[in-house]
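Read off the chains here:
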Amino acid sequence: MTAPLRTPARTSARRRSQATTAFPYDGGDLDRFRELQRLAYACAERVGAWLEPGVTERQASARLGRELAAAGVQDFFHIPFAWFGDRTAFRHFRTPLQFFPSRRRLEEGMPYILDCAPVIDGYTADIGYAGRAGASPVWDRIDRDLREYRDLIVAEARRRTPLNEIYARVDALIARHGYDNRHRVYPGRVIGHQITRTTARGPAGVSVLGFGVRTLQTLGREFLGERRYGRSPLWADGRASRHAPTPGLWAVEPHVAFRDVGLKFEELLVVTEDDAYWLDDDLPHVRRWQRAADTSSDLAVPDLAVPGVVVPGVASGVAVEAR
Amino acid sequence: MRRRAVVSAGVPLAMYEQGNPAGPTVLLVHGYPDTHGVWDDVAAALAADGHHVVRYDVRGAGASGAPRGVSSYRLSHLADDLFAVADAVSPYRAVHLAAHDWGSIQAWEAVTDPRAAGRIASYTSLSGPCLDHAGHWARRRLARPTPHHLGQLLTQATRSWYIGLFHLPLLAPAGWRLGLAARWGSVLARAEGVTPRAGHPRPTLAADAVRGIALYRANMLRHLLRPRQRPTAVPVQLITLTRDRYVSPALGDDLDRWAPRLWRRTLTAGHWSALLEKGPTVAQMIGEIAAHADGAPAAPALERAAASSREQAASQRQRLRLGPRLGPRLGRGLERAAFAGKLAVVTGGGSGIGRATALAFAEHGAAVVVCDLDLATAERTVELARLLGAPEAHAYRVDVADSAAVDTFAREVAVAHGVPDIVVNNAGVGHGGTFLRTTEKEWRHILEVNLGGVVHGCRAFATLMVERGEGGHLVNVASAAAYLPSKVLAAYATSKAAVYMLSDCLRAELAPAGIGVSTICPGLVNTNIARTSTFSGRSADGLDATRDRFAALYARRNFPPEKVAWQILRAVRENRAVVPVTVEARAGRLLSRLSPALTRAAARIDID
Ligand SMILES: NC(=O)c1ccc[n+]([C@@H]2O[C@H](COP(=O)([O-])OP(=O)(O)OC[C@H]3O[C@@H](n4cnc5c(N)ncnc54)[C@H](O)[C@@H]3O)[C@@H](O)[C@H]2O)c1
């Protein structure tokens, strides 16, 4: 999930080109971010295993919050979310309030998504964990395809393709798959947003419209800072994203759906001045795809290669190297 | 043809045999006021196909004996006659039965009799329900008088006016004697579209018709008012005639309760034209169920008929339980199984409107065949269609601009999956450019794909549909550009206007064959088309920029192809002629009628 902020006004091309930032984190910082991301995924996995038909979204998100707190999480970038059934595809969402956990009960065969963003010592994770209760062939199909989005995004980021163009290529892949883009339902239509170490002093654990007070403070500052260079900390398809990936950490969350079944993952992408890689490859969805690829070799070949764009395997190879 | 007499409980029945005596026996039973002669065409086709075909004149008709007294015409006697004939012609092997009108009512009596096991291998019923089933059907509807149910009852009642007349003394017999019989041929010709032929109706008509009134008087009220439980294990093929003036299709709604092994098929024909004009088609259907009942794998069309029957039964059960409003419905009020048992072909089904349409048909129970220039994308559509529950889905690589390729495609589809019920000619390409800039090559390409593709698709598939004789539906995807001129769409708009006109002409031509034609004018729909359109007189860079601009425009409009797909399904369901989809397409159509001068003025606007 991302912040409900508006994209900045247009800026001149001249000012845009001045922007060069050094990568702001050292190896120690990256280790902390990675540790927290793993912790968040571990909590989500535990809650996923505990889920069963009859549980409501509110119960699931509350449980996720408790798991995270028990694991030492001090604050949230945004409150934990849980979506069940067609709400995983954000069907019939008209207001942002509909993102909040509802009384919807999980049923056999339903997909679900858990999304949380814990903060420890200012280090932040923002993850999305998709699952299903019982069998769902549609879910399995989308899950197998989701891997291509992960490979595509990192390959394009390494090429320093402007963010709005990467967004468009993700859209093209979605169209080829026959799915629809659900990240565009998020405020600002964003597929991702920048993550920094929060340094704000507001009260921890207090949230406004689902976002921690400290988050809002930090985001506000980030936003103004980036705007000076004509860049946005939000990654969408508009003009504000017409620039190469800014060095730093990006929480990226491609979210696709077919009919009433929605899937996403969300994890941190590391962008340096001349490279890009996923912060971690030891994550539930990556392991799941790996297992599937090991058992059925046809998955090693993507069903629909986008010519000249996706080279599966290469991208994850890069990420492994970077670890 | 060999003729002999079989005596059943003292009544001599005239029986006629033809075809291969060693082949599977098919027994054909005629209705009122006919004789075995009404089956001539069907019998000839079945005999040519290697069957042993047996017909007889029922008691009171043609050359058979006519016992006195209304009670001699009770269903139990008529069923005994049927078994007597079956025993005489095929004592050791069960026979395949097909019956029409009153013949079908009598045959139901036999099929739901315990003796049917081992004697009747399959039963094809046309236009004649089991009277007991009909009694239960009416009771269930009276017990649950929803508007839908009352409507069904009323519809059937209005088609049964003559039954009331037949119960009045004197009137009906006098009608037949005083001229109706003499004019029966022209009544059939006018009301039913039956071509007059020599020897039909028979000279015995007036006498048969008068005696046959006993059929109604002996049976109708008895069974309708006090219906018995009459289930059967015999495989039943129910052929519903879409233009039947006497039997409403809804009568068959509950049939799966009584005949669990049920295949439902539809024939675009009237009560008599089915046998007199579409004999070969009816023969083929009888042959298919007979072969399947004898152990052969089901022909594709028959396979789908079974699916259609299952789905209809499920939604019927649901409706009886929940009332019509709460049944399982999807997108804009279509029932989930609205197209169960149908085969839909979609060209250009690998992307955009074509893919969405194929998926919508799949979601509503149809089997789908998708073709595209790009096989991988068509295969993807097929995979998604299967995930949505399509009973069958197949992908083909076809260039619709190539008429020979389209013909081959149509033949392959017919052989492998059966003649389609619906064909959506959707494949098309976009093109922008003023007339003087558009090259001859560009013109040819646009016309070959957008117009040629539709022409070839219509020709190849409509030919098959007409031959099959069960009707069907063609959908041609045109565009709002068909009626909104623009100087920068010279070639594209011309091609789409041609598709529009072609569809209007074709609709008139195919209506008698029960084939509907719909023209769809989408408007601005968010698909790949902006990215793949060509533009005259652009450098490569300029082309990219133009495409980006158009893609952005389409994306901002953001009208999903799924909504066009729903309109296509609706157009087929309701047989709508022209469907403009988006607001701009509808407003444009209105404007083009109210003020053509304004649309001509707007044609001067530079779009890019
Ligand atoms: N999208 C719109 O706004 C719009 C508006 C009006 C009319 N239309 C019409 O709708 C139809 C479908 O268009 P769409 O928007 O889905 O476009 P699309 O480009 O997304 O899909 C068209 C499909 O047709 C296939 N195709 C093209 N040429 C072919 C050929 N020669 N043989 C076989 N397949 C071929 C393509 O490969 C593609 O898969 C077209 O006829 C188009 O003219 C579209």
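Everything discussed here concerns the structure shown above.
Right, let's walk through the structure included here. These numbers were taken from a predicted model, which means no experiment stands behind them.

1. Let's talk about the overall build of chain B
Next up, step 1: Each helix and strand in chain B was counted, giving 21 helices and 19 strands.
Next up, step 2: Radius of gyration (C-alpha) of chain B: 28 Å, near the 25 Å computed for a compact globule of 608 residues.
Next up, step 3: In terms of principal-axis extent, the alpha carbons of chain B reach across some 95 × 50 × 45 Å.
Next up, step 4: For chain B, buried positions account for 57% of its 608 residues.
Next up, step 5: Of all intrachain contacts in chain B linking residues separated by at least 6 positions in sequence, the fraction that spans at least 24 positions is 77%.
Next up, step 6: Carbon and sulfur atoms provide 57% of the accessible area of chain B, an area that totals close to 24800 Å².
Next up, step 7: Considering chain B, the positive charge centre built from 71 side chains and the negative charge centre built from 51 side chains are found 7 Å apart.

2. Remarks on the environment of B:R183
Residues and elements named next belong to chain B.
Next up, step 1: For R183, the location among the structural elements is in helix α7 (residues 171–192).
Next up, step 2: Taking relative accessible area as the criterion, R183 reaches 53% and is therefore assigned exposed.
Next up, step 3: Along the sequence, R183 and P201 sit 18 residues apart, while their C-alpha atoms lie 9.7 Å from each other.

3. A few points about a nonpolar patch on the surface
Next up, step 1: A grouping of B:L221, B:L224 and B:L225 is seen on the molecular surface, where their side chains present a nonpolar patch of about 260 Å² in accessible area.
Next up, step 2: Here B:L224 lies in helix α8 (residues 205–225).

4. Some details on the interface of chain A and chain B
Next up, step 1: Counting residues at the interface gives 15 residues for chain A and 12 residues for chain B.
Next up, step 2: Here chain A packs against chain B, burying approximately 1100 Å² in sum over the two surfaces, 52% of which is carbon and sulfur.
Next up, step 3: Contact with chain B buries area across many residues of chain A, yet A:R141, A:F258 and A:R259 alone supply 46% of it, more than any other trio.
Next up, step 4: Summed over the shared surface of chain A and chain B, the number is 3 salt bridges.
Next up, step 5: Of the charged contacts, one joins A:R259 and B:E363 as a salt bridge, the two residues approaching to 2.7 Å between their closest N and O atoms.
Next up, step 6: Counting every contact that joins chain A to chain B gives 7 residue pairs in polar contact (both at pLDDT 80 or more).
Next up, step 7: Secondary-structure elements contributing two or more residues to the side of chain A that touches chain B are α4 (137–158) and α5 (163–177) of chain A.
Next up, step 8: At 5 residues, α4(A) tops the list of elements feeding residues into the side of chain A that touches chain B.
Next up, step 9: Its residues assigned to classes, the side of chain A that touches chain B comprises 6 nonpolar, 2 polar and 7 charged.

5. Description of the pairing of strand β2 (residues 11–19) of chain B
Residue and element names in this part refer to chain B.
Next up, step 1: In terms of burial, β2 is a largely internal element, 7 of the 9 residues being buried.
Next up, step 2: The pairing of strand β1 (residues 2–8) with β2 spans 7 bridges and is classified as antiparallel. Bridge pairing links A5 to A14 in β2.
Next up, step 3: Hairpin geometry of β1 and β2 is characterised by an intervening segment of 2 residues between the two adjacent antiparallel strands and by a positive phi of about 45° at A9.

6. A few points about the site of the ligand
Residue and element names in this part refer to chain B.
Next up, step 1: Around the ligand, 29 residues are found, and the nearest of them are S351, D372, N426, Y492 and T527.
Next up, step 2: With respect to the ligand, the side chain of Y492 contributes an N or O atom lying 2.7 Å from an oxygen atom.
Next up, step 3: With respect to the ligand, the side chain of K496 contributes an N or O atom lying 2.9 Å from an oxygen atom.
Next up, step 4: Notes on the ligand: free accessible area 820 Å², of which the protein chains cover 93%.
Next up, step 5: If you list the elements that add at least two residues to the shell around the ligand, you get α12 (352–363), α16 (490–510) and α17 (529–532).

7. Regarding helix α14 (residues 403–417) of chain B
All names here are of chain B.
Next up, step 1: Compared with an ideal rise of 1.5 Å per residue, which puts 15 residues at 21 Å, α14 spans 21 Å between its outermost C-alpha atoms and is within 8% of the ideal.
Next up, step 2: Taken as a whole, α14 has its buried residues at V406, F409, A410, V413 and H417. All buried residues of α14 project into a common sector of 95° when viewed along the axis, lining one side. Facing away from the buried side of α14 by over 90 degrees, the exposed positions are R411 and V415.
Next up, step 3: At the N-terminal end of α14, a side-chain oxygen is found 3.1 Å from the backbone nitrogen of A404, two or three residues along, and the residue is D402.

8. Observations concerning the sheet that holds strand β9 (residues 234–235) of chain A
All names here are of chain A.
Next up, step 1: In space, the 5 strands of this open sheet follow the order β9-β6-β10-β13-β14, with antiparallel pairing throughout. With one partner strand each, in any of the chains shown, β9 and β14 (276–278) form the two edges of the open sheet.
Next up, step 2: Across 2 bridges, strand β6 (residues 192–195) lies against β9 in antiparallel orientation. From the neighbouring strand, H193 faces β9, where its bridge partner is L234.

9. Re the packing of aromatic side chains
Next up, step 1: If you walk through the whole model with that rule in mind, you get 28 aromatic pairs over all chains.
Next up, step 2: Aromatic pair A:F99 and A:Y186: ring centres 6.0 Å apart, planes at 25°, arrangement stacked. One end of the pair, A:F99, is in the loop between β1 (75–84) and β2 (111–120); the other, A:Y186, is in the loop between β5 (180–181) and β6, and 87 residues separate them in sequence.
Next up, step 3: Residue classification places A:F99 among the buried residues on the basis of a relative accessible area of 4%.
Next up, step 4: Centroid distance B:Y246 to B:W272: 5.8 Å. Interplanar angle 70°. Geometry classified as edge-to-face. Remark: B:W272 occurs in the loop between β8 (262–270) and α9 (273–277) and B:Y246 occurs in the loop between β7 (236–243) and β8; sequence separation between them is 26 residues.
Next up, step 5: Three or more aromatic residues joined by ring pairs make a cluster, and in this case those are A:F81, A:W83, A:F90, A:F93, A:F99, A:F100 and A:Y186.

About the cut-offs
Residues numbered from 1 in each chain as written. Chains lettered and ligands numbered in written order. Predicted model: local features only at pLDDT ≥ 70, side-chain atom pairs only at ≥ 80, totals over all residues. Heavy atoms only, no water. Helix = DSSP H or I, 4+ residues; strand = E, 2+ residues; numbered from the N terminus. Rg over C-alpha atoms; globule rule 2.2 N^0.38 Å. Buried < 20%, exposed > 50% of the residue type's maximum accessible area, 1.4 Å probe, protein only. Contact = heavy atoms within 4.5 Å. Areas by Shrake-Rupley, 256 points an atom, 1.4 Å probe, with all protein chains shown as cover. Lys, Arg positive; Asp, Glu negative; His and termini not counted. Charge placed at Lys NZ, Arg CZ, Asp CG, Glu CD. Patch = residues over 30% accessible without salt bridge, like charges linked within 9 Å, V, L, I, M, F, W, Y side chains within 5 Å. Salt bridge = Lys/Arg side-chain N within 4 Å of Asp/Glu carboxyl O. Buried area = accessible area lost by both parts, 1.4 Å probe. Polar contact = N/O pair within 3.5 Å; in protein donor to acceptor, adjacent residues only side chain to side chain. Nonpolar A, V, L, I, M, F, W, Y, C, P; charged D, E, K, R; others polar. Pairing = 2+ DSSP bridges. Near = heavy atom within 4 Å. Expected span 1.5 Å × (residues − 1). Arc of directions from axis to C-beta. Phe/Tyr/Trp six-rings, centres within 6.5 Å; stacked < 30°, edge-to-face > 60°.

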